[in-house]
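Letter by letter, the chains look like this.
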Amino acid sequence: KSVTSEANDSHVPNTHVPTDGAFMPTGPSDLPDEGPRVELPLQGEGALLVEVAISAYRQGNVTAAETQFTRLIQQFPNSPLVSVSRAFLAEIRVIKDPTAESRFKAIDDYRGLLSKSNDKPNVLRAKWRIGDLYVDVDFHVEALAAYEQVLAQQPAGPDADRARLGIGRNYLTWGKYAEAE
């Protein structure tokens, strides 16, 4: 027997709490993620658009944020802020439509970002987010590969730690409890 908590607030994780008191993560928001990374002060063409978009995103107005990020990409395709805008748009896609199909599209968005970007703060994050999204759709082998890419590129540091958390969550949801330890 278990109790599942459901929350309308996207910042509150969906958790599965067995009656024996053990905590079992089940939702996409059960691991730490502060969202796409932005280096301040914002510089480059469209900086004001990104500032407005980030403000809207942080206030939970993802539709307004989506409009501004999309506008930046259309109006300033060569801006250094395009890659961070693409990262936010991938997150917005999953927030607005938390389905498996949307997660696969977000994975494609992140893969596109990786192929077009040298935005160092978001490259490793994109790789472990791809892992997270694969876990959410039960593609465990692919998730493990994504997390291992992070560890191969950066074996220590916050991104490596986050990738290790993702690996643990992946093994838990995969039912491989011994490997999760």
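Since we're looking at a predicted model, the values are computed, not measured. (Residues numbered from 1 in each chain as written. Predicted model: local features only at pLDDT ≥ 70, side-chain atom pairs only at ≥ 80, totals over all residues. Heavy atoms only, no water.)

Asks: Explain the confidence of the model for the protein chain to me, please; I cannot follow it from the model alone.
Replies: Do not read the predicted coordinates in detail wherever pLDDT is low. Averaged over the protein chain, the pLDDT score is 83; the fraction of residues at 70 or greater is 83%. Summarising per-element confidence for the protein chain, the mean pLDDT is lowest in strand β1 (residues 2–4) (29) and highest in helix α2 (residues 62–75) (97). Confidence drops under pLDDT 50 across residues 1–27; counting only partners more than four residues distant or on other chains, this segment forms 39 contacts. (pLDDT = per-residue confidence, 0-100. Helix = DSSP H or I, 4+ residues; strand = E, 2+ residues; numbered from the N terminus. Contact = heavy atoms within 4.5 Å.)

Asks: For this particular structure, what's the right way to read the pattern of salt bridges?
Replies: Working definition: two side chains of opposite charge can pair if their charged atoms are close together. For the coordinates displayed, the defined rule picks out 13 salt bridges. For the salt bridge of D33 with R125, the shortest nitrogen-to-oxygen distance reads 2.8 Å. Here D33, found in the loop between β3 (24–25) and α1 (47–58), pairs with R125, found in helix α5 (residues 120–136); they are 92 residues apart in sequence, far enough to count as distant. We classify D33 as partly exposed; its relative accessible area is 32%. Judged by its relative accessible area of 1%, R125 falls in the buried class. Note that R103 and D136 form a salt bridge whose closest N and O atoms lie 3.0 Å from each other. (Salt bridge = Lys/Arg side-chain N within 4 Å of Asp/Glu carboxyl O. Buried < 20%, exposed > 50% of the residue type's maximum accessible area, 1.4 Å probe, protein only.)

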